[in-house]
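Next come the chains, spelled out residue by residue.
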Amino acid sequence: MAMKRRFSMDCGPGEERREEIRAFVREQLDSCPALQGEPLQELYVMGGTIRAAVAMRDLLLGPGEGQLSCAELEQLFGSLSVREGQEALRQVDAERIRTMGSGLIVMQSICEYMGAGRVIAVRSGVREGYLWKNVMKATSCSR
């Protein structure tokens, strides 16, 4: 089941719901032996939630070159419970009102689990990669 359907909620989930999300993420990560090992300095993340989080941080905290520290993820999560943060989210991606809180918790949880200090937004996504691999190269298009 998609995280969005499993944990969709209003902006600021309570502590009980937050811990439920964290536990679910830890369980998923624990089940993947390839993720065990040395801590990482950074995580590369793709998708609409990270893009919205970066845009929201840029509005609230200033430009950060497509990166967020794990501390900034926590700050953004906290901002969802105040008017200024909610307005920033509406401005950058109003459709994420019900999923941004859980998305930030997921990213924080992964950062903590992997020992990473920051996340870096990857601009292209899975769909663009699929398009490049299966369509553009097949037609001999250049980038």
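Now for a quick tour of the structure.

Calculation rules
Residues numbered from 1 in each chain as written. Predicted model: local features only at pLDDT ≥ 70, side-chain atom pairs only at ≥ 80, totals over all residues. Heavy atoms only, no water. Helix = DSSP H or I, 4+ residues; strand = E, 2+ residues; numbered from the N terminus. Buried < 20%, exposed > 50% of the residue type's maximum accessible area, 1.4 Å probe, protein only. Contact = heavy atoms within 4.5 Å. Areas by Shrake-Rupley, 256 points an atom, 1.4 Å probe, with all protein chains shown as cover. Axes fitted to C-alpha atoms, helices over the stretch in contact; angles between N-to-C directions. Parallel < 35°, antiparallel > 145°, perpendicular 65-115°, else oblique. Left-handed = near helix turned anticlockwise from the far one by under 90°. Nonpolar A, V, L, I, M, F, W, Y, C, P; charged D, E, K, R; others polar.

1. Observations regarding the overall build of the protein chain
Here is step 1: Within the protein chain, the regular secondary structure consists of seven helices and three strands.
Here is step 2: Scanning the protein chain from its N terminus toward the C terminus, one meets helices and strands in the order α-α-β-α-β-α-α-α-β-α.
Here is step 3: A buried classification covers 36% of the 143 residues belonging to the protein chain.
Here is step 4: Counting only contacts in the protein chain whose residues sit at least 6 apart along the sequence, the fraction spanning at least 24 positions is 70%.
Here is step 5: Accessible surface computed for the protein chain: about 8900 Å², of which carbon and sulfur atoms make up 51%.

2. Details of the environment of arginine 123
Here is step 1: Along the chain, arginine 123 falls in the loop between strand E3 (118–122) and helix H7 (126–136).
Here is step 2: Accessibility expressed as a relative area gives 75% for arginine 123, which makes it exposed.
Here is step 3: Taking C-alpha positions, arginine 123 is 8.1 Å from glycine 47, a pair spaced 76 residues apart along the chain.

3. Describing the packing of helix H4 (residues 70–79) against helix H6 (residues 100–114)
Here is step 1: Two numbers describe how H4 lies on H6: the axes approach to 9 Å, and their chain directions differ by 155 degrees. Our classification of the angle between H4 and H6 gives roughly antiparallel. For the pair H4 and H6, the crossing hand works out as left-handed. Of H6, the residues touching H4 (which contributes Cys70, Leu73, Glu74, Leu76 and Phe77) are Gly101, Leu104, Ile105, Met107, Gln108 and Cys111.
Here is step 2: Classifying every residue of the contact of H4 with H6 gives eight nonpolar, two polar and one charged.

4. What about the packing of helix H2 (residues 15–30) against H6?
Here is step 1: With their axes 9 Å apart at the nearest point, H2 and H6 run at an angle of 45 degrees to one another. When the interaxial angle is binned, H2 and H6 end up oblique. The hand of the H2/H6 crossing is right-handed. Of the residues in H6, those touching H2 at Arg18, Ile21, Arg22, Val25, Arg26, Leu29 and Asp30 are Ser102, Ile105, Val106, Gln108, Ser109, Ile110, Glu112 and Tyr113.
Here is step 2: Looking at side-chain class alone, the contact of H2 with H6 contains seven nonpolar, three polar and five charged residues.

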